[in-house]
Amino acid sequence: MSTAPMGGMAGSGPAPRELRVGMVGYAFMGAAHSQAWRTVNRFFDLPVRARMAAICGRNAANVAAAAQRLGWESHATDWRELVARDDIDVIDICTPGDSHAEIATAALAAGKHVLCEKPLANTVGEARAMVDAAATARAAGVRSMCGFNYRRVPAVALMRDFVASGRLGVIRHVRAVYLQDWIVDPQFPLVWRLQKDRAGSGALGDIGAHIIDLTQYVTGQRITGVSGIAETFVTERPLPVSSRGLAATTTAGGNGGDGPAYGPVTVDDAALFVARLDGGAVATYEATRFATGHKNGMRVELNGSKGSVAFDLERLNELEYYDATGPGAEQGFTRILVTESEHPYMSAWWPPGHVIGYEHSFTHEVRDFLAAIASGQDPEPSFADALQVQLVLDAVARSAATGASWTPVEAAPVAPASTVG
Ligand code: SOE
């Protein structure tokens, strides 16, 4: 049923060769990737074995603690040290977007395979430079991949199979939202994700990138044009305690009091856009961090001429399927529990019904990355695939900034208030 790789308990066959990994970054993504490196060879039978050789972070005490906690053999405070080491084969980039291009191009030039978190970069220019570096390195057998991990959720891989097999017919609608609410509180501090120079954009690039990549992946179609709007609801926030030289704009109360200093939010809190895809589908996208009540609510629905599928990340073991070709009296959305051994990746884990989680998508991601390196293939999504996402992000940002297609609605005259008491 699926083209995605299957599992198989580790331990069979000849001893695998070793790939020594150096990871840069140890926060949320560093922890998620560490979980993946720790588990991949214990659950997937691969001809290569990942060795967690080194982790890198700017703060010496924190990265030493992270190495201990996350299971890395050594630690460093300068990523250049990892890139220079002859006993490192892979560089895994889990840092904010402002360092992706510099680290990835240096690592590729040094002959290291590179896995880089999404979005690929903070600008199209940086992304193009990374694609060029990846192409040069590829000629020497050096592989690179961008970490759009949700492609590796089994239900998403099944969604792609449904489309590729023709089960849905002609895809007419793509409907994608990614809803979070972690910064609804205006007192949430000005973390790096809220600073353009660090993150490149806000909800658009952070979570909008996921639904752009995922919808292109499952439909096999590419976005050819967009029209969007963006909004920043809270324009100033308290500087984080660890703020490094962030320019404070005001202090609490704005009267020079001794409250916390505030700084400007320089990214979008929400971005919404419509799009056309090159296979004829029309699409709507919404990425926001102000959807009060939604924690990690990514939902993608495809409507085709023969049926529909819908995926909800907060119910990631399930796929909703509507078969429009069945007898009319029996038609309805069914819930497929995507935990059978024939479902993508699931044979490596538990018996049917024993569900998996968010972190498994990262194990599947590094599994596919290692398998591609071992077989001399180019892993997907490539840096070129990720550049396509970056180009869409840039187009949405430009559309939102210019309001090019924005058409004001004339205000209808307000009826006089009724005099009836
Ligand atoms: C944002 O909160 C975030 O951590 C993204 O950066 C991740 O890519 C996403 O998987 C979860 O949400």
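Note that this is a predicted model, so its numbers are computed, not measured.

A. Seen up close, the packing of aromatic side chains. Summed over the entire model, instances satisfying the criterion amount to 13 aromatic pairs. A ring pair is formed by F233 and F290, whose centres lie 5.0 Å apart and whose planes are at 55 degrees; its orientation type is tilted. Of this pair, F233 sits in the loop between β8 (223–231) and β9 (236–238) while F290 is found in the loop between β13 (282–288) and β14 (297–304), placing the two residues 57 residues apart along the sequence. On the accessibility criterion, F233 (48% relative accessible area) is partly exposed. Linked through ring pairs, F28, Y150, Y178, Y358 and F362 together constitute an aromatic cluster. It is R167 that lies over the ring of F162; its NZ or CZ is 4.8 Å from the centre.

B. Spatial organisation of the sheet that holds strand β2 (residues 48–56). A sheet is described by the order of its strands in space; here six strands give the open sequence β3-β2-β1-β4-β5-β6, paired in parallel fashion. Either end of the sheet is taken by a strand with one partner, and the two such strands are β3 (74–76) and β6 (144–147). Along the sheet, successive strands turn relative to each other by an average axial angle of 25 degrees, direction set aside. Relative to β2, strand β1 (residues 17–24) runs parallel, the two sharing eight bridges. In the strand pairing of β2, M23 is matched with I55.

C. Here's a closer look at the site of the ligand. Taken together, F28, K118, Y150, Y178, Q180, W182, R193, D206, H210, N296 and Y358 form the complete shell of residues around the ligand. At a separation of 2.7 Å, an oxygen atom of the ligand approaches a polar side-chain atom of Y150. With respect to the ligand, the side chain of Y358 contributes an N or O atom lying 3.2 Å from an oxygen atom. Coverage of the ligand by the protein chains reaches 92% of its 310 Å² of free accessible surface. Here the shell around the ligand is composed, by residue class, of five nonpolar, three polar and three charged. In this structure, the shell around the ligand is formed jointly by two domains, domain 1 (17–150) and domain 2 (155–232 + 267–402), each of which donates at least three residues.

D. Highlighting the pattern of salt bridges. For the structure on display, the rule yields 25 salt bridges. D87 is the salt-bridge partner of R85, the closest N and O atoms lying 2.8 Å from each other. Judged by relative accessible area, which is 33%, D87 ranks as partly exposed. Of the charged contacts in the structure, one is a salt bridge between R299 and E320, with a shortest N-O distance of 3.0 Å. Here the residue R299 occupies a position in strand β14, and E320 occupies one in strand β16 (residues 318–323), the gap between them amounting to 21 residues. The class for R299 is partly exposed, based on a relative accessible area of 27%. The exposure class of E320 is buried, given its relative accessible area of 16%. Residues participating in the shared-partner salt-bridge network are R175, R299, E301, D312, R315, E318, E320 and R335.

E. Inspection of helix α10 (residues 383–402) at higher detail. In this model, α10 (20 residues) spans 28 Å end to end at C-alpha, consistent with the 28 Å of a helix rising 1.5 Å per residue. Taken as a whole, α10 has its buried residues at F383, D385, A386, L387, Q388, V389, Q390, V392, L393, V396 and S399. Capping the start of α10 is the job of one residue whose side-chain oxygen sits 3.2 Å from the backbone nitrogen of A384: S382. In the segment just after α10, G403 is the residue with positive phi, at about 60 degrees.

F. Representation of the nonpolar core within the structure. Core analysis: the largest hydrophobic core is formed by 113 residues, its most contacted members being W37, I91, Y285, F311 and F383. At nine residues, helix α8 (residues 203–219) tops the list of elements feeding residues into this core. Split by domain, this core shows at least three residues from each of two domains, domain 1 (17–150) and domain 2 (155–232 + 267–402). In this structure F383 touches A104, L108, V114, C116, L120, M130, V131, A134, S144, M145 and C146, once residues within four positions along its chain are discounted. Within the second largest apolar cluster, eight residues are counted, among which are L194, V234, L239 and V265.

G. Seen up close, the domain arrangement of the protein chain. For the protein chain, the assigned domains read domain 1 (17–150) and domain 2 (155–232 + 267–402). Computed from C-alpha atoms alone, the centre-to-centre distance between domain 1 and domain 2 is 23 Å. Between domain 1 and domain 2, the residue contacts involve 50 residues of the former and 51 residues of the latter. Summing both sides of the interface, domain 1 and domain 2 together bury roughly 4,500 Å²; the carbon and sulfur share of this comes to 71%. Considering only the surface of domain 1 that becomes buried against domain 2, M145, F148 and Y150 emerge as the three largest contributors, covering 20% of it. At the boundary of domain 1 with domain 2, the tally comes to four salt bridges. Residues K118 and D206 are paired through a salt bridge, measuring 3.0 Å at the closest nitrogen-oxygen approach. Taken together, domain 1 and domain 2 are joined by 14 residue pairs in polar contact (both at pLDDT 80 or more).

H. Layout of the packing of helix α6 (residues 154–164) against α8. The contact between α6 and α8 brings their axes to 7 Å, and the two run at 40 degrees. Judged on the interaxial angle alone, α8 and α6 are oblique. Contact residues: α6 offers V156, A157, M159, R160 and V163, while α8 offers L214, Y217, V218 and T219. Among the residues forming the contact of α6 with α8, the class breakdown is seven nonpolar, one polar and one charged.

Parameters and conventions
- Residues numbered from 1 in each chain as written.
- Predicted model: local features only at pLDDT ≥ 70, side-chain atom pairs only at ≥ 80, totals over all residues.
- Heavy atoms only, no water.
- Phe/Tyr/Trp six-rings, centres within 6.5 Å; stacked < 30°, edge-to-face > 60°.
- Helix = DSSP H or I, 4+ residues; strand = E, 2+ residues; numbered from the N terminus.
- Buried < 20%, exposed > 50% of the residue type's maximum accessible area, 1.4 Å probe, protein only.
- Lys NZ or Arg CZ within 6 Å of the ring centre and 35° of its normal.
- Pairing = 2+ DSSP bridges.
- Axes fitted to C-alpha atoms, helices over the stretch in contact; angles between N-to-C directions.
- Near = heavy atom within 4 Å.
- Polar contact = N/O pair within 3.5 Å; in protein donor to acceptor, adjacent residues only side chain to side chain.
- Areas by Shrake-Rupley, 256 points an atom, 1.4 Å probe, with all protein chains shown as cover.
- Nonpolar A, V, L, I, M, F, W, Y, C, P; charged D, E, K, R; others polar.
- Domains from an automatic or database assignment.
- Salt bridge = Lys/Arg side-chain N within 4 Å of Asp/Glu carboxyl O.
- Expected span 1.5 Å × (residues − 1).
- Core = buried A, V, L, I, M, F, W, Y, C linked by side-chain atoms within 4.5 Å.
- Contact = heavy atoms within 4.5 Å.
- Buried area = accessible area lost by both parts, 1.4 Å probe.
- Parallel < 35°, antiparallel > 145°, perpendicular 65-115°, else oblique.

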